[in-house]
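# Coordinate analysis (summary)
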Amino acid sequence: MTFEQPACQKCESPLISRLFCFSCNAFQPLVREIDFFEVMGIPIDFEINAEDLEESYRRLSLELHPDFFEAAPEEEKRLSEKASVMLNTAYSTLREPTSRAGYLLFLFAKGKNLNERTLPDGFLQEMFFLQESLDELLESSDSSALNKMNEDLRTRHKEIESYYAPLFKNFKDLPEDSDILQQLQTHLNAERYLRRLLDRIPATD
C-alpha cells in the first residue's frame, strides 16, 4: 500500500489530511475507506516520525474541534464532530507501537487467511505460571515482588514491540509473504496476554 496525496474536492489543492483542506478551510466528505494514515497525513508505514504525528494532530485539532463550530450551520457542526472523533481515534491508534502494528496488520491482512489465535511456542504455559504467581503476590500484597514482576513483564513487553519494525520492513520487501503477517499476528496475540497481566498489577507511587 502506498501513500497518495489526494486533492480537495472544493478547490482541488493538495490535501495534507483527508479530513480538511487548509487552503480553502473546507471539510472533506467522510468516506468509509479513509484510513488513519490519510487522516493524519502521513505515509502508511510502521516506522513513523513521532514529531510529524504530533504536529499533524495539533494542527488539525485547532481546525476541527467542535467548540469552534457552535454557531456554524448544522451540517458543518456535524462534520466537525465526526472529523474530531476520527482524528482522535487515528491519533491514539498510531501513536502507540502495538496499536499501530495491529492497525497495519488489519490493513495488510485483508483477504488473507491468518490464524488469529497463535502464540509463540511455550508462551501460553509461561503465562499460566506467571498468572498463578501474580495471584499469590496480589493475595500476599508483597509490593517488592509485585514491582519486580512489573519490571520483568514490561521488559518482555518491550521485547515483543521490538519485533514489529523488522517484520514490517520485511513485509515491504515481500508483500505477498503471508508468513510475515502471521508472525506479526502471533506477536500481537502474545502482547495481549502480557497486557492483561500488567493491567492487574496495582500502580505504585
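What follows deals with the overall build of the protein. When helices and strands are tallied, the protein shows seven helices and two strands. For 205 residues, the compact-globule formula gives about 17 Å, and the C-alpha radius of gyration of the protein, at 21 Å, lies well above that figure. Its C-alpha atoms give the protein principal-axis dimensions of roughly 60 × 45 × 25 Å. When each of the 205 residues of the protein is scored for burial, the buried share is 39%. When contacts within the protein are restricted to residue pairs at least 6 apart in sequence, those whose partners lie at least 24 apart make up 62%. On the protein, roughly 12,500 Å² of surface is accessible, and the fraction owed to carbon and sulfur atoms is 48%. Averaged over its 23 positive side-chain charges, the protein has a centre that lies 3 Å from the centre of its 38 negative ones.

Here we come to the pattern of salt bridges. Scanning the model with the defined rule gives eleven salt bridges in all. Residues Asp 45 and Lys 172 are paired through a salt bridge, measuring 3.2 Å at the closest nitrogen-oxygen approach. Of this pair, Asp 45 sits in the loop between α1 (36–40) and α2 (50–64) while Lys 172 sits in helix α6 (residues 143–173), placing them 127 residues apart in sequence. Here Arg 200 and Asp 135 are joined by a salt bridge, their closest N and O atoms 2.6 Å apart. Residue Arg 200 is located in helix α7 (residues 178–200), and its partner Asp 135 is located in helix α5 (residues 123–140); the two are separated by 65 residues in the primary sequence. Classification of Asp 135 as partly exposed rests on a relative accessible area of 35%.

Moving on to the packing of helix α3 (residues 74–95) against helix α4 (residues 97–108). Interhelical geometry of α3 versus α4 gives an angle of 110 degrees and a closest axis separation of 5 Å. For the element pair α3 / α4, the angle class is roughly perpendicular. Taken together, the residues of α4 that come into contact with α3 (itself represented by Ser 92, Thr 93, Leu 94 and Arg 95) are Pro 97, Ser 99, Arg 100 and Tyr 103. Among the residues forming the contact of α3 with α4, the class breakdown is three nonpolar, three polar and two charged.

Turning our attention to the environment of Ala 83. For Ala 83, the position within the fold is in helix α3. Residue classification places Ala 83 among the buried residues on the basis of a relative accessible area of 1%. With 95 residues separating them along the chain, Ala 83 and Ser 178 place their C-alpha atoms 34 Å apart. Those residues in contact with Ala 83, other than ones at most four positions away along the chain, are Leu 19, Phe 27, Leu 30 and Leu 64.

The subject of this paragraph is α6. With 31 residues, α6 should cover 45 Å at 1.5 Å per step; its first-to-last C-alpha distance of 47 Å lies within 8% of that length. Buried within α6 are the following residues: Leu 146, Met 149, Asn 150, Leu 153, His 157, Ile 160, Tyr 164, Leu 167, Phe 168 and Phe 171. Residues of α6 that are buried sit in contact with α4, α5 and α7.

Close contact between α5 and α7 brings their axes to 11 Å; oriented N to C, the two are set at 5 degrees. Considered as vectors, α5 and α7 are oriented roughly parallel to each other. Contacts between α5 and α7 involve Phe 123, Leu 124, Met 127, Leu 130, Gln 131, Leu 134, Asp 135 and Leu 138 from the first element and Ala 190, Tyr 193, Leu 194, Leu 197 and Arg 200 from the second. By residue class, the composition of the contact of α5 with α7 is ten nonpolar, one polar and two charged.

Rules of the game
Residues numbered from 1 in each chain as written. Predicted model: local features only at pLDDT ≥ 70, side-chain atom pairs only at ≥ 80, totals over all residues. Heavy atoms only, no water. Helix = DSSP H or I, 4+ residues; strand = E, 2+ residues; numbered from the N terminus. Rg over C-alpha atoms; globule rule 2.2 N^0.38 Å. Buried < 20%, exposed > 50% of the residue type's maximum accessible area, 1.4 Å probe, protein only. Contact = heavy atoms within 4.5 Å. Areas by Shrake-Rupley, 256 points an atom, 1.4 Å probe, with all protein chains shown as cover. Lys, Arg positive; Asp, Glu negative; His and termini not counted. Charge placed at Lys NZ, Arg CZ, Asp CG, Glu CD. Salt bridge = Lys/Arg side-chain N within 4 Å of Asp/Glu carboxyl O. Axes fitted to C-alpha atoms, helices over the stretch in contact; angles between N-to-C directions. Parallel < 35°, antiparallel > 145°, perpendicular 65-115°, else oblique. Nonpolar A, V, L, I, M, F, W, Y, C, P; charged D, E, K, R; others polar. Expected span 1.5 Å × (residues − 1).

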